[in-house]
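# Structural overview
Each chain, letter by letter, is given below.
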Amino acid sequence: MEIFFHKNQMLYSPKNEFSSGNQLRKYVESPNRIELIIEEIVNLKRDDFIFKQPKLCNIEIINNIHSTDYINFLKEIPDNINEVAPTAFAFPKGRISKDSTFHAKMGYYLFDPSTPITKDVYQSSHYSTSSALDAVNSLSNNNLAVSLSRPPGHHAMTSVGGGYCFFNNIAIAAQQIVNQGKNVTILDLDFHHGNGTQEIFYNTDKVQFISLHGDTIVNYPFYWGGTDEIGEGDGKGFNLNFPLPNYANDEKYDETLELALIEIDEYNPDVVLVSMGLDCYFKDPIAGMNISLDYYTKIGERLAKFEKMGIILEGGYSNDIGICFTNVLKGVIT
Ligand code: OKP
Ligand code: ZN
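Residues numbered from 1 in each chain as written. Chains lettered and ligands numbered in written order. Predicted model: local features only at pLDDT ≥ 70, side-chain atom pairs only at ≥ 80, totals over all residues. Heavy atoms only, no water.

## Some thoughts on the coordination of the zinc ion (ligand 2)
The coordination sphere of the zinc ion (ligand 2) contains the protein donors D190 (OD), D190 (OD), H192 (ND1) and D279 (OD), at a distance range of 1.9 to 2.8 Å. Classification of the site at the zinc ion (ligand 2) rests on its six donor atoms, whose angles at the metal span 52 to 161°, yielding the label irregular. The motif formed by the donor residues of the zinc ion (ligand 2), counted along the single chain, is D-x1-H-x86-D. As far as the burial class goes, D190 and H192 line up, both buried. (Donors = N, O, S within 2.8 Å, 3.2 Å for Na, K, Ca; no water. Tetrahedral: all angles 85-135°; square planar, octahedral: opposite > 155°, others 65-115°. Buried < 20%, exposed > 50% of the residue type's maximum accessible area, 1.4 Å probe, protein only.)

Structure below.
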């Protein structure tokens, strides 16, 4: 099994998560998350787990999902920008011109006041996506592949970023498979609803999107991810949300996961991609679920039946993220 990651994904390293321009907390989506995961994978001492650097993907592939102007906004961060987040937003969609101030563009191209822009955001995001793409490409020779993508991706929409996400890594990777004439299921197990991924594939039957998440009446990203969001047009019936009560335990989560897996069996995709967040873990500092370390192995065991699977990292912010992640892998492999 190949595990994709590039050291330039570590460059983006803000200090602050903002709230209305002030510090809410230190930025938990840190490069250290990847270091913790790599450390635990190395500890497994499996010579069939091979770390690989992705090659930087063509921007046209990202452009399949994200608009050119949004990509350019991230690419052209002015040199004097240190670490800033927007405080006013264009909602649901305003207008912006080339001459607008950088602060105005931030409000236009981001939906979230908490996620900072730094000069490295583009570089790290480009590599994060490249890791996901190369993992998916490696599925033509292997049945299982892993991408240690960070920044994460599942909140990023066509023309707006937010929620620590800039490019929707898993959506870009899924589109690559769809372009080969295949069907994909994206199973999103991050604590937070994958609103970006949902929105991107809302009108297509080529991608089945299934998400288990903390109820967004009280959790980020707020007011997405209800059971009545089922898709539209060709996509009707191919979007499935399973909101869970706060502090759901292993048992409750497992019951729900089983229901989700039945839906995947019915859809019978060529490839399953997992948005693997590790923030349902009971010690996660920002989320609100009650999943144990051992249950992550059980999740892996449940996923093991899929013939072709890519595991793409999303969130997870506790110091045990490495153990959570390798527990999933242990379950998948055995
Ligand atoms: C990213 B991923 C609300 C702060 C919101 C953003 C959370 C992003 C989670 N008070 N912070 O899905 O793990
Ligand atoms: Zn999350």
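Having put the structure on the table, let's press on.
## With respect to the side chain of D112
When you line up the elements, D112 lands in the loop between α4 (102-109) and α5 (121-137). Although buried, D112 forms no salt bridge, and the nearest oppositely charged side chain, R25, lies 9.1 Å from it. Among the polar contacts listed, one links the side chain of D112 to the side chain of S114, at a separation of 2.3 Å. Side-chain polar atoms of D112 contact the backbone nitrogen of G163, separated by 3.1 Å. If we skip the residues at most four places from it in the chain, D112 touches P86, F89, G161, G162, G163 and Y220. (Helix = DSSP H or I, 4+ residues; strand = E, 2+ residues; numbered from the N terminus. Lys, Arg positive; Asp, Glu negative; His and termini not counted. Salt bridge = Lys/Arg side-chain N within 4 Å of Asp/Glu carboxyl O. Polar contact = N/O pair within 3.5 Å; in protein donor to acceptor, adjacent residues only side chain to side chain. Contact = heavy atoms within 4.5 Å.)

## Remarks on the packing of α5 against helix α6 (residues 169-178)
Packing of α5 against α6 brings their axes to within 9 Å, and their N-to-C directions diverge by 40°. Seen from above, α5 lies across α6 with right-handed handedness. Contacts between α5 and α6 involve S125, S128, T129, A132, L133, V136 and N137 from the former and N169, I172, A173, Q176 and I177 from the latter. Broken down by class, the residue content of the contact of α5 with α6 amounts to six nonpolar, six polar and no charged. (Axes fitted to C-alpha atoms, helices over the stretch in contact; angles between N-to-C directions. Left-handed = near helix turned anticlockwise from the far one by under 90°. Nonpolar A, V, L, I, M, F, W, Y, C, P; charged D, E, K, R; others polar.)

## Describing helix α3 (residues 68-75)
Of the residues making up α3, those classed as buried are Y70, I71, F73 and L74. In an axial view of α3, the angular spread of the buried residues amounts to 155°, which keeps them on one side of the axis. Lining the buried residues of α3 we find α2 (59-63), α4 and α5. (Arc of directions from axis to C-beta.)

## Looking at the sheet that holds strand β9 (residues 271-276)
Read from one edge to the other, the open sheet built from eight strands follows the order β4-β1-β5-β10-β9-β6-β7-β8, with strand pairing classed as parallel. Only two strands of the sheet have a single partner each, and these edge strands are β4 (50-52) and β8 (239-244). Shown here is a sheet whose adjacent strand axes are inclined to one another by a mean of 15°, direction ignored. Taken together, the five bridges between β9 and strand β10 (residues 309-313) define a ladder with parallel strand orientation. Residue V274 lies in a different strand from β10, and its bridge partner there is I311. Strand contacts of helix α8 (residues 250-267): β6 (184-188), β7 (207-214), β8 and β9, with the helix running at about 175° to β7, the strand carrying the most contacts. (Pairing = 2+ DSSP bridges.)

## Focus: the pairing of strand β5 (residues 144-147)
Where burial is concerned, the two faces of β5 agree: the one with L144 and V146 and the one with A145 and S147 are both buried. Of the strand pairs in this sheet, strand β1 (residues 2-4) and β5 are connected by three bridges, and their pairing is parallel. Bridging from a neighbouring strand, F4 pairs with S147 of β5. As defined by bridge partners, β5 adjoins β10 across four bridges and the pair is classed as parallel. Its bridge partner lying in β10, V146 is registered against I311.

## Some words on the site of ligand 1
Residues in close proximity to ligand 1 include E17, S114, H154, H155, G163, Y164, D190, H192, Y220, D279, G315 and Y317, which together make up its full environment. H154 is positioned with one of its side-chain polar atoms (N or O) 2.6 Å from an oxygen atom of ligand 1. When the free accessible area of ligand 1 is taken as 410 Å², the share hidden by the protein chains comes to 84%. Class assignment of the residues belonging to the shell around ligand 1 gives a composition of three nonpolar, six polar and three charged. (Near = heavy atom within 4 Å. Areas by Shrake-Rupley, 256 points an atom, 1.4 Å probe, with all protein chains shown as cover.)

## Describing helix α1 (residues 32-43)
The end-to-end C-alpha distance of α1 is 17 Å, a good match for the 16 Å that twelve residues give at a rise of 1.5 Å each. Looking at α1, one finds that the buried residues are R33, I34, L36, I37, I38 and I41. Where α1 is buried, its residues contact β1, β4, β10 and α10 (321-333). K45 occupies a position one or two residues after α1 and carries a positive phi of about 50°. (Expected span 1.5 Å × (residues − 1).)

## Here we look at the packing of aromatic side chains
Tallied over the entire structure, the rule returns 15 aromatic pairs. Between the aromatic rings of Y12 and Y27, the centroid separation amounts to 6.1 Å while the plane-to-plane angle is 85°, which identifies the pairing as edge-to-face. With Y12 in the loop between β1 and β2 (16-19) and Y27 in the loop between β3 (22-26) and α1, this pair connects stretches of sequence that are 15 residues apart. You can call Y12 buried: its relative accessible area is 0%. Taking relative accessible area as the criterion, Y27 reaches 4% and is therefore assigned buried. Between the aromatic rings of Y108 and Y109, the centroid separation amounts to 4.8 Å while the plane-to-plane angle is 85°, which identifies the pairing as edge-to-face. For the pair Y108 and Y109, one class covers both residues: buried. An aromatic cluster is present here, built from Y70, F73, F102, Y108, Y109, Y122 and F167 joined pairwise through their rings. Against the face of Y108 rests K93, its NZ or CZ located 4.3 Å from the ring centre. (Phe/Tyr/Trp six-rings, centres within 6.5 Å; stacked < 30°, edge-to-face > 60°. Lys NZ or Arg CZ within 6 Å of the ring centre and 35° of its normal.)

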